[in-house]
Each structure stands twice: as C-alpha cells, then as structure tokens.
Amino acid sequence: MIAFVFPGQGSQQPGMGAPWADHPSFELVEEASNVLRRDLTHMLTDADSEFLQITRNTQISTFLLSMVALDAVERLGVAPQVCAGHSLGEYAALVAAGGLAFDAGLRLVQERGEAMAIAAEAQPGAMVALLGADLDVARAMCDSIPGDLWVANHNSSTQIVLSGTYDTIAQVEARAKEFGVKRVTRLKVGGAFHSPYMEAARERLAKAITATKFYDLEVPVIANVDAREHVAAEEWPTLLANQLTHTVRWEETIQYLRELKPRLVLEVGPGGVLTNLMKRTAPELSVLSIATPADLEKLLAFVASEGPVDDWATSHQGERLYGTERLVVAPSSGVFRPEAANCVVGDPVFVGQLLGTIGETQIRSPFAGTLQGMIALPGERVTSGQPIAWLTMTDQSALEN
C-alpha cells in the first residue's frame, strides 16, 4: 500500500515552482492559468512571500504545485491506495483519488480562498501554533482564556493550532508558559480559519460545491472532519463545507494511516511539513516528500528496490539515479505486458533486448546493464515516456565477453 498526503496553507514558498519549470508536468500551470484566467506561472516562480501569504494566492498556488507534483508521480506509474490532505490539501487528495476533476478543483480552491478572505475581513482573527502541548492543554487554554478561542488543527500529540481574535491569541502568547507550553508561533495567515468565524465562508463555498460534479472515489480519502475513509461522491459536499468551521483532525489521520501500515507515505506538494509530522508521530513508516523533481529520483529507487528509503540512502551513499543508471521508458501509451523471461531482477540486459509490449509496440532496451527493478506492473496502463524498467549501466563489450 502507498498513501499520498497533500499539504495545506502555510507550505507555500517563494519560487517553489521554479525547479519544475522544465519538467513536462509544469504544463498543468498553463492549463490552470487558462482555466482561472490568472498568471499562475508568475505566482509559482517569481512572486514574493508577502504576495503568497494573501489567502487568495496562498491556496491556489499550493494546490496547483501539488497537482504538478502529483502529475509527475503519476507519470512514473506510482499510484495511491489511500489519500489524505491537510485542510486545503483535501482538494488535491480528491483529485488524486478521482473524486474531483482538475479544472473543477481549481475553481473550487479559488472560490474557497476568496470566501475565506472575505470572511476574515468581516471577522478578523489570527492563528497560533502551540509546540510541546497536547490536546488537553489546548482545550484548557480555550476554557481558561476569555473570548473566542478554538482548536483549529490537531496536528500531532505535541502540536496544536488555535484560532481566535487578535486579543485572545495575544493572551495565548502571553500565558503560554503558565500552561507549560514550550513554544508558541504566530502563523502567517489571514484569519481565524477552521473556527466559527468561517461560517460565512462555509455558506458561500457550499453554493459552489453544490454546483460541482463529484465522482465516487477510485481510492478512499481520509476526511479532516472525522479522520475516516470516504469514497461516495455524495458525502464530499458536506465534508468539504464543514471542514471550514471544524477542527482538522490530522493527528487522528496519522494514526489511521499507521493502522493501515502503508509501505510508503508520499507527501505530494510543497514544503515537507506533513513529512516531518509523520516522521515524529509514526517513525516506523517510510515517508518521502515530493516537493521538487529531484525528489522523484528517490521515489524511483524506492519503487524499484522495494526497500525503505533510509536503507536505500545508506546503501547508495547519495548516488543519484541518473549517474550510472538508466530508465527504459514507454514508447507509446497503452497496457504494458512484460516479457517475463527477460525481466528477472539481477539478470543482465542487452541493447535491443525485448522487455515487453504495449499493444503491438515492442519495448526494447536502448541500454546494456543489470536489471535493478521493473517499475511498470503487468497489465498496468502506461503513458508515453513513463519509466518501465530501471538498469544499472555496464559496458556492452563486457556483457558480450
């Protein structure tokens, strides 16, 4: 089992799209720009931190880069068996799971950002992260400090995010030591998200969600509001609308994933925030962040070797996949059928050796080497350019001798 998780607001960084600019998956940015009639290329490559912190820009930029990274992962033939997304990331998870079309996701995320920004202007607020505090401590602060204050994100057993007015958040910062909180960090966001202050946003977003076509999911998505799997299309309009005013139950989501014992958890998108939370909460799981094209190399190595990422890093001593190694890629799209006798891991591969077929098209290795792993599965539908096999390079004359 492979799980995909998608980051939320706060993971954005200036220039986060620049490393992807020459990758084929970056074509999604132009498509998204045409759908929303905005210059999203500039937003991902050149916009500064102040611009990206504006809610209207933060959400669409984070979602879109997650889509670019998802497309890149899918081109490698890697697919999830379960998905989850932190707040905004839930929309990316739904696209990955087949429950929401890409263009529909773009429009919903843009409307979500607009609705939340307007609600925050009407009822200003702030958010603060408590580090070294558990849920009981956070609830005690909410009960003890007068005014509007709520648990917004239950991120882990030691990280809680509170939402409230500027005054109550200031009191949280002033009284943190009194409650034994190790550190407090004011979040750079535009309002008191995941609280009753977002009720107006929920009502506006609900109208857009009602007008959006949802599909039964191909794989389940673990929802923020109840930390449970959902696959039925009719459930998601309510789940997404309620998410704006309810606590993000991410700690419970991690525990749910932990019980599933996935072989690998991929954080697909910018930042790596969820990767760090996962490593601290469930250290026994293999976790990998796909934030740049360079991260795809580690993913390929993991899939080919079927070994833990950390073990791979140790045994390869930092070796890059494209140094002495090569990928055999699909020459066309279609269903892959391997030539079993020629696809034995550890066996030598000669130039021109038949590795399989896609329809009537033969897939022959352009390289000589040792087969390290088959990336495409028998019967899997692949696209042109998608990696099929992974070889360690050797000298052709040595094989002939």
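Residues numbered from 1 in each chain as written. Predicted model: local features only at pLDDT ≥ 70, side-chain atom pairs only at ≥ 80, totals over all residues. Heavy atoms only, no water.

(A) Just the overall build of the protein, in detail. Broken down by element type, the protein carries 15 helices and 18 strands. Computed over the C-alpha atoms, the radius of gyration of the protein is 23 Å, within 12% of the 21 Å expected from 2.2 N^0.38 for a compact globule of 401 residues. Projected onto its principal axes, the C-alpha coordinates of the protein cover approximately 80 × 45 × 40 Å. Per-residue burial over the protein gives 53% buried out of 401 residues. Restricting the contact set of the protein to residue pairs at least 6 apart, pairs at least 24 apart contribute 70%. (Helix = DSSP H or I, 4+ residues; strand = E, 2+ residues; numbered from the N terminus. Rg over C-alpha atoms; globule rule 2.2 N^0.38 Å. Buried < 20%, exposed > 50% of the residue type's maximum accessible area, 1.4 Å probe, protein only. Contact = heavy atoms within 4.5 Å.)

(B) Representation of the layout of surface pockets. The computed volume of the largest pocket comes to approximately 780 Å³. Taken together, 36 residues make up the lining of the largest pocket; nearest its centre are Q9, G10, S11, L187 and V273. Among the elements of the structure, α3 (49–52), α6 (102–122), β3 (126–131), β4 (149–156), β5 (159–164), β6 (183–186) and α12 (273–281) are those that each provide at least two residues to the lining of the largest pocket. Looking at which element gives the most residues to the lining of the largest pocket, the answer is α12, with 5 residues. Residue classes in the lining of the largest pocket are distributed as 15 nonpolar, 17 polar and 4 charged. Residue assignment places the lining of the largest pocket across two domains, with domain 1 (2–120 + 196–306) and domain 2 (125–187) each supplying three or more. (1 Å grid on protein atoms, 1.4 Å probe; cavity = no way out; pocket = protein on both sides within 12 Å on 5 of 7 lines; lining within 4 Å. Points joined across faces, edges and corners; volume = space filled by probe spheres on them. Nonpolar A, V, L, I, M, F, W, Y, C, P; charged D, E, K, R; others polar. Domains from an automatic or database assignment.)

(C) Focus on the domain arrangement of the protein. Domain assignment breaks the protein into domain 1 (2–120 + 196–306), domain 2 (125–187) and domain 3 (325–398). When each unit is reduced to the centre of its C-alpha atoms, the spacing between domain 2 and domain 3 is 54 Å.

(D) Inspection of the pattern of salt bridges at higher detail. Tallying each qualifying case throughout the model produces 11 salt bridges. With its nearest N and O atoms 3.6 Å apart, the salt bridge here joins R56 to E121. Pair noted here: R56 is in helix α4 (residues 55–75) and E121 is in helix α6, with a separation of 65 residues, a long-range link. The partly exposed category is assigned to R56, whose relative accessible area is 27%. With relative accessibility at 56%, the residue E121 sits in the exposed group. A salt bridge links R186 to E173, with the nearest nitrogen and oxygen atoms 2.8 Å apart. Taken together, the positions of R186 in strand β6 and E173 in helix α8 (residues 166–175) put the pair 13 residues apart, joining distant regions of the chain. Using a relative accessible area of 35% as the deciding quantity, one classes R186 as partly exposed. A cluster of three or more residues bridged by salt bridges with shared partners is formed by E27, D71 and R75. (Salt bridge = Lys/Arg side-chain N within 4 Å of Asp/Glu carboxyl O.)

(E) Representation of the sheet that holds strand β15 (residues 361–364). Strand order across the open sheet formed by 4 strands is β15-β14-β12-β17, with antiparallel pairing between neighbours. For this open sheet the edge positions go to β15 and β17 (381–382), each flanked by a neighbour on one side alone. Pairing analysis gives 3 bridges linking strand β12 (residues 334–338) to strand β14 (residues 354–358), with the strands arranged antiparallel. Note that in β14 the partner of R337 across the bridge is T357. (Pairing = 2+ DSSP bridges.)

(F) Local environment of the packing of aromatic side chains. Under the counting rule described, the total for this entry stands at 2 aromatic pairs. Geometrically, the ring pair formed by F4 and F6 is edge-to-face, given 6.5 Å between the ring centres and 70 degrees between the ring planes. The class for F6 is buried, based on a relative accessible area of 0%. Measuring from ring centre to ring centre gives 5.2 Å for W150 and Y197, while their planes differ by 65 degrees; the resulting arrangement is edge-to-face. In this pair, W150 is assigned in strand β4 and Y197 in the loop between β6 and α9 (199–210), connecting sequence segments 47 residues apart. When its relative accessible area of 23% is taken as the criterion, W150 is described as partly exposed. (Phe/Tyr/Trp six-rings, centres within 6.5 Å; stacked < 30°, edge-to-face > 60°.)

(G) Quick peek at helix α5 (residues 89–96). A large share of α5 lies buried, amounting to 8 of its 8 residues. All of the buried residues in α5 are G89, E90, Y91, A92, A93, L94, V95 and A96. Once α5 ends, the next one or two residues include G98, with phi positive near 85 degrees.

(H) Spotlight on the sheet that holds β5. Reading across from one edge, β4-β5-β3-β6 is the order of the 4 strands in this open sheet, with antiparallel pairing throughout. Every other strand in the sheet has two partners, leaving β4 and β6 as the edge strands with one partner each. Pairs of neighbouring strands in the sheet enclose a mean axial angle of 25 degrees, with direction left out of account. As defined by bridge partners, β4 adjoins β5 across 6 bridges and the pair is classed as antiparallel. Of the residues in β5, the one forming a bridge with S156 is Q159. (Axes fitted to C-alpha atoms, helices over the stretch in contact; angles between N-to-C directions.)

(I) Layout of the environment of A97. Within the secondary structure, A97 sits in the loop between α5 and α6. With relative accessibility at 0%, the residue A97 sits in the buried group. Setting aside anything within four residues of it in sequence, one finds A97 in contact with L217, E218, V219 and V221.

(J) Inspection of the nonpolar core at higher detail. Ranked by size, the top nonpolar core spans 80 residues in total, and within it F4, F63 and L266 carry the most contacts. A total of 10 residues in this core trace back to one element, the largest contributor, which is α4. For F63, the residues in contact, after removing those within four places along its chain, are L88, Y91, A92, V95, F102, G105, L106 and V109. If you look at the next biggest cluster of nonpolar residues, it comprises 18 residues, including I145, L162, I169 and V181. (Core = buried A, V, L, I, M, F, W, Y, C linked by side-chain atoms within 4.5 Å.)

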